[in-house]
Amino acid sequence: MAASNTSRSAAFFDLDRTLLAGASGPVISAALRAAGVMSDKAIPGEKLLTTIFNTYGETLPAMALTRTAVNFAKGWSVESVRAAAQAAAPELVAIVQPRVADLFAEHRAAGRRVVLATTSPYELVKPLADLLDMDDVIATRYGVGAN
């Protein structure tokens with residue numbers, strides 16, 4: 001019976017300030033800008049809110065920024081977003097917490113799947129999860145199509 005439960009268990013890792021040492025936002029925003037997906041103009045208050053998030057964690061202003069960012073994504077090419085995410089993934093790997101590989105190995109040795117669970121958009125975090133050889137990704141999925 002125990003083997004059955006083990007094969008169905010998983011270890012879930014949040015992205016920002018858990019898996020990563022800080023927020024993924026600045027790296028992802030830079031990649032989106034470099035790919036021409038996002039304008040060169042910064043989202044108002046973006047740097048300040050990132051600093052607050054890195055210091056205190058999730059706050060109402062940070063959640064407001066995220067809601068605002070969703071509106072910026074309307075009309076973006078899915079292929080361009082994927083390309084930006086591919087470019088950002090190695091930079092995000094560079095800020096993964098030091099013990100993550102050991103933790104993943106411990107969980108896998110115990111028969112658990114390793115899963116990224118985040119409110120960040122799936123298309124932007126899937127390449128990172130792939131580079132980290134994670135088993136699955138649970139993330140926000142935006143609708144694609146004409147409105």
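The structure under discussion appears in the preceding block.
Residues numbered from 1 in each chain as written. Predicted model: local features only at pLDDT ≥ 70, side-chain atom pairs only at ≥ 80, totals over all residues. Heavy atoms only, no water.

Visitor: How do you make sense of the overall build of the chain when you look at a structure like this?
Guide: A count of helical and extended segments in the chain gives eight helices and three strands. Each helix (α) and strand (β) of the chain, taken in turn from the N terminus, gives the series α-β-α-α-α-α-α-α-β-α-β. Taken across its 147 residues, the chain has 36% of its residues classed as buried. Working note: accessible area of the chain is about 8,900 Å², and carbon and sulfur atoms make up 57% of it. (Helix = DSSP H or I, 4+ residues; strand = E, 2+ residues; numbered from the N terminus. Buried < 20%, exposed > 50% of the residue type's maximum accessible area, 1.4 Å probe, protein only. Areas by Shrake-Rupley, 256 points an atom, 1.4 Å probe, with all protein chains shown as cover.)

Visitor: Please explain the sheet that holds strand β1 (residues 10–13) as it appears in this structure.
Guide: Two orientations exist for strands paired in a sheet by backbone hydrogen bonds: parallel and antiparallel. Pairing is parallel in the open sheet, where three strands are placed in the order β1-β2-β3. Pairing within the sheet leaves two strands with one partner each, and these edge strands are β1 and β3 (136–140). In this sheet, neighbouring strand axes are inclined to one another by 25° on average, regardless of whether the strands run parallel or antiparallel. Summarising the sheet, β1 and strand β2 (residues 113–121) pair through four bridges and their orientation is parallel. Bridge pairing links F13 to L116 in β2. (Pairing = 2+ DSSP bridges. Axes fitted to C-alpha atoms, helices over the stretch in contact; angles between N-to-C directions.)

Visitor: Even after reading the chapter, I still don't get the pairing of β2, so can you show me in this structure?
Guide: Both faces of the sheet carry side chains from a regular strand, because those side chains alternate between them. For β2 and β3, the ladder comprises four bridges, and the chain directions are parallel. Pairing of V115 across the sheet is with D136, part of β3. You can see the chain leave β2, run along helix α8 (residues 122–131) and come back into β3, and the turn it takes is right-handed. (Right-handed = clockwise from strand over helix to strand, strands pointing away.)

Visitor: Would you mind showing me how to read the packing of helix α3 (residues 25–34) against helix α6 (residues 78–93) here?
Guide: The geometry of a pair of packed helices is captured by two quantities: the angle between their axes and the separation between those axes. One can describe the packing of α3 onto α6 by two numbers: an axis separation of 8 Å at closest approach and a directional angle of 135°. Here α3 is positioned oblique relative to α6, judged by the angle of their axes. Two packed elements cross with a definite hand, and for α3 against α6 that hand is right-handed. Counting all contacts with α3, which are made through V27, I28, A31 and L32, the residues of α6 involved are V81, A84, A88, E91 and L92. (Parallel < 35°, antiparallel > 145°, perpendicular 65-115°, else oblique. Left-handed = near helix turned anticlockwise from the far one by under 90°. Contact = heavy atoms within 4.5 Å.)

Visitor: Explanation requested: the packing of α6 against α8 in the structure shown.
Guide: The interhelical angle for the contact between α6 and α8, taken along N-to-C directions, is 45°, at an axis separation of 8 Å. The orientation of α6 with respect to α8, classified from their angle, is oblique. Viewed along their axes, α6 and α8 form a crossing whose handedness is right-handed. Here V81, R82, A85, Q86, A89, P90, L92 and V93 of α6 lie close against α8, whose contacting residues are E123, L124, P127, L128 and L131. Partitioning the contact of α6 with α8 into residue classes produces ten nonpolar, one polar and two charged. (Nonpolar A, V, L, I, M, F, W, Y, C, P; charged D, E, K, R; others polar.)

Visitor: Can you help me understand the nonpolar core in this one?
Guide: The nonpolar side chains of a soluble globular protein tend to be buried with one another. The biggest cluster of nonpolar side chains holds 30 residues, and the ones touching the most others in it are L19, L32, F104, L116 and M134. Of all elements in the fold, only β1, α2 (15–19), α3, α6, α7 (100–109), β2, α8 and β3 reach the threshold of two or more residues within this core. Leaving out residues up to four positions away in the same chain, L19 has contacts with D14, I95, V96, Q97, V100, F104, L116, L132 and M134. (Core = buried A, V, L, I, M, F, W, Y, C linked by side-chain atoms within 4.5 Å.)

Visitor: I would appreciate a short explanation of the packing of aromatic side chains in the present structure.
Guide: One pair of aromatic rings is described through two measures. These are the centre distance and the angle between the planes. In this structure the tally under the stated criterion is one aromatic pair. Between the aromatic rings of F13 and F104, the centroid separation amounts to 5.0 Å while the plane-to-plane angle is 70°, which identifies the pairing as edge-to-face. Residue F13 is found in strand β1, and its partner F104 is found in helix α7; the two are separated by 91 residues along the sequence. With relative accessibility at 9%, the residue F13 sits in the buried group. Positioned above the aromatic ring of Y122 is the side chain of R141, whose terminal nitrogen or guanidinium carbon lies 3.6 Å from the ring centre. (Phe/Tyr/Trp six-rings, centres within 6.5 Å; stacked < 30°, edge-to-face > 60°. Lys NZ or Arg CZ within 6 Å of the ring centre and 35° of its normal.)

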